[in-house]
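Listed below, chain by chain, are the residues.
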Amino acid sequence: MTKTALITGITGQDGYYLSHLLLGKGYRVVGLVPPERQSSVAKLDDLAEQVEIYSVNLTSAEALTQAVEQLQPAEIYNLAAPSFVPASWDDPLGTLDLITGTATRLLSATRLLGLPTRFYQASSSEIFGEVRSAPQTAETPFRPKNPYGAAKLHAHWTMVHHRDRYGLFACSGILYNHESPRRPPQFVTRKIALAAAAIKLGLRDRLSIGNLEAKRDWGFAGDHVEAMWRMLQADTAEDYVIGTGVLHTVRNLVETAFSCVDLDWQKYVETDPTLVREDEHFQLVADPTKAKNNLHWEPQVSFEQLIETMVKTDIERLKAGAVAAMGAS
Ligand code: G4F
């Protein structure tokens, strides 16, 4: 029988790669997209015709319950979130409501309807925040440092409560940074890839960046969504950290991207103190051993391959006039 997968946040980067994976496995894929965001369905490109889109207000418990009842999904992937971390300082309450509220409403719907639906909660390394040890596992203490991380942690605990108290098959994937050519340009990998491509083509001449010494565990989004699916196929519902286990600096990222187009980054890159975030001395890096052992999951795409693909894709897009040369700052 065809399995139905319900995805919130389907029009984002991860929604695209997850839909692609699930369609390839024969799932019926249904995305819940708020009425005011229907135009974003075009971002699914070639997949837009292959998935079903339901127009549903994610802040309405009634609407979400109706959708779950009607669709009886085998799996729910709750990916919806405003994902740019600095923006969460501008709207802490809106961030909390979308992230925690949607998780809570979906978990409650599943429980109240008594369905055997398996539930994936998109969590984030931002829940670890001010870490005192590296690398991190799912057992590492949580000390979020911003409203985004706090909201993701609240959603994580809500999921744990539903698993413990009501026996739902629910899990969190605590994902580290995961990137692709589909990443919006305000995120640092895409910002740098797009700038390197545009400078190579003579479309701009500078890149302003924040802290060059900031470090992240950057992986490929296509690899990370595979881990989401594997978590829901496991015998037991458990939480996993998902990352490469390797830290790189923003400086490494810039060097790698500019070397893909044979440019000396130091001639083009300037630092802008207004883009530097406070408190970034923490080493957010995954220990993916549990995912390797239990889920047989390992990242397939290296940091260098990822950045090269992003830069080359942006060169092709710029040549085709399919993207503006200036990304967000
Ligand atoms: O690309 P970023 O903006 O991603 P960030 O804040 O780490 O968050 C991403 O990953 C999290 C973990 O998976 C997710 F929860 C979250 O939703 C999102 O997907 O910044 C990456 C690093 C930071 O250390 C930042 O300070 O790059 C540093 N950085 C340095 N210069 C910059 C810049 N980041 C941005 N966006 N722009 C800069 O000019």
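What this report covers is the structure whose coordinates are included nearby. In this text, all values refer to a predicted model and were calculated from it rather than measured experimentally. (Residues numbered from 1 in each chain as written. Predicted model: local features only at pLDDT ≥ 70, side-chain atom pairs only at ≥ 80, totals over all residues. Heavy atoms only, no water.)

## Quick word on the overall build of the chain
- Counting its regular elements, the chain contains 9 helices and 13 strands.
- In summary, the chain has a C-alpha radius of gyration of 20 Å against a globular reference of 20 Å for 329 residues, a match within 12%.
- Taken along the three principal axes of its C-alpha coordinates, the chain extends 60 × 45 × 40 Å.
- Looking at the chain residue by residue over its 329 residues, the buried ones come to 53%.
- Put simply, 78% of the contacts in the chain that link residues at least 6 apart link residues at least 24 apart. (Helix = DSSP H or I, 4+ residues; strand = E, 2+ residues; numbered from the N terminus. Rg over C-alpha atoms; globule rule 2.2 N^0.38 Å. Buried < 20%, exposed > 50% of the residue type's maximum accessible area, 1.4 Å probe, protein only. Contact = heavy atoms within 4.5 Å.)

## Some points on the site of the ligand
- Taken together, 24 residues surround the ligand, and among them Ser83, Ser124, Tyr148, Arg277 and Glu280 come closest.
- In this structure, a nitrogen atom belonging to the ligand sits 2.9 Å away from a main-chain N or O atom of Gln186.
- Class assignment for the residues of the shell around the ligand results in 11 nonpolar, 7 polar and 6 charged.
- For the shell around the ligand, the domains that each give at least three residues are domain 1 (4–175) and domain 2 (183–217 + 246–286 + 301–320). (Near = heavy atom within 4 Å. Polar contact = N/O pair within 3.5 Å; in protein donor to acceptor, adjacent residues only side chain to side chain. Nonpolar A, V, L, I, M, F, W, Y, C, P; charged D, E, K, R; others polar. Domains from an automatic or database assignment.)

## Comments concerning helix H4 (residues 147–166)
- Between its terminal C-alpha atoms H4 stretches 28 Å, which fits the 28 Å expected from 20 residues at 1.5 Å a residue.
- Just past H4, the residue Gly167 takes up positive phi, approximately 75°. (Expected span 1.5 Å × (residues − 1).)

## Regarding the nonpolar core
- Of all hydrophobic cores here, the largest spans 67 residues; its most connected members are Leu18, Leu22, Tyr77, Tyr120, Ile192 and Phe258.
- No other element matches the 8 residues that helix H5 (residues 188–200) contributes to this core.
- Those residues within four positions of Leu18 in sequence are excluded, and the remaining contacts are Ile7, Tyr77, Leu79, Val225 and Met228.
- Judged by nonpolar contacts, the second largest core, of 20 residues, contains Leu58, Leu64, Leu106 and Met159. (Core = buried A, V, L, I, M, F, W, Y, C linked by side-chain atoms within 4.5 Å.)

## Comments concerning the packing of aromatic side chains
- In total, this model carries 9 aromatic pairs according to the counting rule given.
- Considering the side-chain rings of Phe84 and Phe187, the 5.3 Å spacing of their centres and the 85° angle between planes classify their relative orientation as edge-to-face. Taken as a pair, Phe84 in the loop between strand E4 (75–78) and helix H3 (92–113) and Phe187 in the loop between strand E7 (178–179) and H5 lie far apart in primary sequence, 103 residues in all.
- With relative accessibility at 22%, the residue Phe84 sits in the partly exposed group.
- Each ring, one from Trp218 and one from Phe303, has its centre 6.2 Å from the other, and the planes form 35°; the classification is tilted. Of this pair, Trp218 sits in the loop between strand E9 (215–216) and strand E10 (219–220) while Phe303 sits in helix H9 (residues 303–319), and the two are 85 residues apart along the sequence.
- Given the relative accessible area of 3%, Trp218 is considered buried. (Phe/Tyr/Trp six-rings, centres within 6.5 Å; stacked < 30°, edge-to-face > 60°.)

## Some details on the packing of H3 against H4
- Running from amino to carboxyl end, H3 crosses H4 at an angle of 15°, the nearest separation of the two axes being 8 Å. Here H3 is positioned roughly parallel relative to H4, judged by the angle of their axes. Considering only the axes of H3 and H4, their crossing is right-handed. Residue-level contacts link Pro92, Thr95, Leu96, Ile99, Thr100, Ala103, Thr104, Leu107, Ser108 and Arg111 of H3 to Pro147, Tyr148, Ala151, Lys152, His154, Ala155, Thr158, Met159, His162 and Tyr166 of H4.
- In terms of residue class, the contact of H3 with H4 is built from 11 nonpolar, 7 polar and 2 charged. (Axes fitted to C-alpha atoms, helices over the stretch in contact; angles between N-to-C directions. Parallel < 35°, antiparallel > 145°, perpendicular 65-115°, else oblique. Left-handed = near helix turned anticlockwise from the far one by under 90°.)

## With respect to the environment of Glu75
- Topologically, Glu75 is positioned in strand E4.
- C-alpha separation for the pair Glu75 and Leu18, spaced 57 residues apart in sequence, amounts to 12 Å.
- Those residues within four positions of Glu75 in sequence are excluded, and the remaining contacts are Lys3, Thr4, Ala5, Leu6, Tyr27, Thr117, Arg118, Trp229, Leu232 and Gln233.
- In this structure the side chain of Glu75 is engaged in a polar contact, spanning 3.4 Å, whose partner is the side chain of Lys3.

## Thoughts on the pairing of strand E5 (residues 118–124)
- Where burial is concerned, most of E5 is hidden: 6 out of the 7 residues are buried.
- Direction of pairing for E4 relative to E5: parallel, over a ladder of 4 bridges. Note on E5: the bridge partner recorded for Asn78 is Gln121.
- You can see the chain leave E4, run along H3 and come back into E5, and the turn it takes is right-handed.
- Since E5 and strand E6 (residues 169–175) lie parallel, the crossover through H4 that links them has a hand, and here it is right-handed. (Pairing = 2+ DSSP bridges. Right-handed = clockwise from strand over helix to strand, strands pointing away.)

## Regarding the packing of H5 against helix H7 (residues 250–260)
- Relative orientation of the contacting elements H5 and H7 amounts to 30°, with a least axis distance of 9 Å. When the axis of H5 is compared with that of H7, the two are roughly parallel. Two packed elements cross with a definite hand, and for H5 against H7 that hand is right-handed. Here H5 contributes Val188, Thr189, Ile192, Ala196 and Ile199 to the contact with H7, which in turn contributes Val250, Leu253, Val254, Ala257 and Phe258.

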